[in-house]
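Chains, contacts and geometry: an overview
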Amino acid sequence: MNILLRNSSSILACLLAGLSTLVTAIPQSYTASDGVEYVIERDQVYNWLQAHTECVSHGLQLAIIDSAEKNQAFEALLRPIFDNPPHLWIGLHDNLNTAETLKRPFFSIVDGSQIKFSYWNNGEPNNALYSEHCTHIGMANNFKWNDDKCEKKFGYICEKPQAPVNISCELNETRKTVFELNEGLAKDHKNNQEEIQGMLNDNRLQTQSVLQEWQKSSQKSLNESQKSINDIFASKPYLQAVIADVGQPIKQIIREAYNEIAQFSHEAQQTIDGNSVVTQTSIMNKSHAFQQKLEENTNGVDGLLAEHE
Ligand SMILES: [Ca+2]
């Protein structure tokens, strides 16, 4: 499950994407000429972390202005909206850097990457008192940036995340792999089951065949015995009268022997069939449990992936 190995920024992006369905009442949204969708909150004020949380709770992220082209479209969008832009948080921070000032690196709140582009107001980012770690626009009623204390309360600008497309592809690939593995297991199991069923059928046929042979040979012996007795009776008819006098007639004994063979054969056949049914039922139950387990695994993985989409 390489989902667990993905870096935290990807997971954050996934979470942001996953929350996109939760958008409820949000501030005004706008689309820039480059297609990026922004949401601007200028009435309520928040500290920087609260602003970030607000964006995320609406399935968005604090605006990341990371190229001249994006900045150009961003400023062209804002210019007609604000005559004098107020201070509005965007998603850049210096990772609580207290060691350097003007030339220290700034990073994206979304994925932690360093932002190469910059649009600082003159003399910024000055990191006054080494305590200005968050970024806003509108420093001098323009659209340039200033570093400021994160606990200050301003409005904010969110944007709709772009990244989750690839994340979603990655998740779909993972899901596909899980499905393929499950399908492979199910197929193997089905083959095994058919093999066991085949062995059972073979055993049953073999046992039936042995039983039938025994039945035949028993009946043959009886037939031969009866024939010998008949021959003796035919040559010495007075013996039949003697036996009829002293006990059960020979014919009755032979008839009972035939009946016993038939009865035993029937019971043996029933036992073979019964054992076969019990074994088959046991295989079917185990098979059903296995299929259920596979299904649960698939659903579990599916749910886990869906949480991160
Ligand atoms: Ca500053």
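Everything that follows concerns the structure shown earlier in this document.
All residue numbers refer to positions counted from 1 along the written sequence of the respective chain. Since the coordinates come from a predicted model, pLDDT governs what is reported: local features require at least 70, and pairs of side-chain atoms require 80 or more to be given and counted, while whole-chain, interface and lining totals use all residues.

Secondary structure elements are defined from DSSP: runs of H or I of at least 4 residues count as helices, runs of E of at least 2 residues count as strands, and each element is numbered from the N terminus. Helices and strands together make up the secondary structure of the protein chain, namely six helices and eight strands. Ordering the α and β elements of the protein chain from the N terminus gives α-β-β-α-β-α-β-β-β-β-β-α-α-α. In this scheme the burial state of a residue depends on its C-beta neighbours within 10 Å: 20 or more other such atoms mean buried, 12 or fewer mean exposed, and anything in between means partly exposed; the C-beta positions come from the backbone. When each of the 309 residues of the protein chain is scored for burial, the buried share is 20%. Note that contacts rest on C-beta atoms placed from the backbone: two residues are in contact if these are within 7 Å. Relative to all contacts within the protein chain whose residues are 6 or more apart in sequence, the contacts with residues 24 or more apart total 71%.

In this section: the nonpolar core. In this structure, Leu62, Ala63, Trp89, Ile90, Tyr156, Ile157 and Cys158 are the most contacted members of the largest nonpolar core, which totals 29 residues. Secondary-structure elements contributing two or more residues to this core are strand 2 (37-46), helix 2 (48-57), strand 4 (88-93), strand 6 (134-137) and strand 8 (154-159). With near-sequence residues (within four places) excluded, isoleucine 157 lies in contact with Tyr38, Ile40, Ala63, Leu88 and Ile90. As used here, a nonpolar core is made of buried Ala, Val, Leu, Ile, Met, Phe, Trp, Tyr and Cys residues. They are joined through C-beta atoms within 7 Å.

Our focus in this paragraph is the pairing of strand 2. The two faces of the sheet receive side chains in turn, since in a regular strand these alternate between them. Only strands joined by at least two bridges in the DSSP assignment are considered to pair. Across three bridges, the pairing between strand 1 (residues 29-31) and strand 2 is antiparallel. Note on strand 2: the bridge partner recorded for threonine 31 is glutamate 37. Following strand 1, the chain reverses through five residues before pairing antiparallel with strand 2; glycine 35 in that reversal takes a positive phi of roughly 90°. By the bridge criterion, five bridges tie strand 2 to strand 8 in an arrangement that is antiparallel. From the neighbouring strand, tyrosine 46 faces strand 8, where its bridge partner is phenylalanine 154.

In terms of residue burial, strand 4 counts as a mostly covered element, since six of its six residues are buried. On strand 4, burial covers both faces: Leu88, Ile90 and Leu92 on one face and Trp89, Gly91 and His93 on the other are all buried. Here strand 4 pairs with strand 6 via three bridges, running antiparallel. Its bridge partner being in strand 6, histidine 93 is matched across the sheet by cysteine 134. Alignment of strand 4 against strand 8, held across two bridges, turns out to be parallel. Opposite leucine 88, over in strand 8, you have glycine 155 as the bridge partner. In the sheet, strand 4 pairs with strand 5 (residues 107-108) via two bridges, with the strands oriented antiparallel. Residue pairing for strand 5: histidine 93 is matched across the bridge by phenylalanine 107.

Peptide bonds are mostly trans, and most non-glycine residues show a negative phi. In this model, glutamate 124 is joined to proline 125 through a cis peptide bond whose omega is 0°. A positive phi angle, close to 55°, is found at leucine 96, a residue other than glycine. Relative to the helices and strands, leucine 96 is located in the loop between strand 4 and strand 5. In this structure, tyrosine 130 takes a positive phi of about 55° despite not being glycine. Its location among the elements puts tyrosine 130 in the loop between strand 5 and strand 6.

We now examine helix 2. Quick reminder: α-helices carry 3.6 residues per turn. Residues three or four places apart thus point the same way. Among the residues of helix 2, Trp48, Ala51, His52, Glu54, Cys55 and Val56 are the ones counted as buried. A positive backbone phi angle near 75° is found at glycine 59, which sits one or two residues after helix 2.

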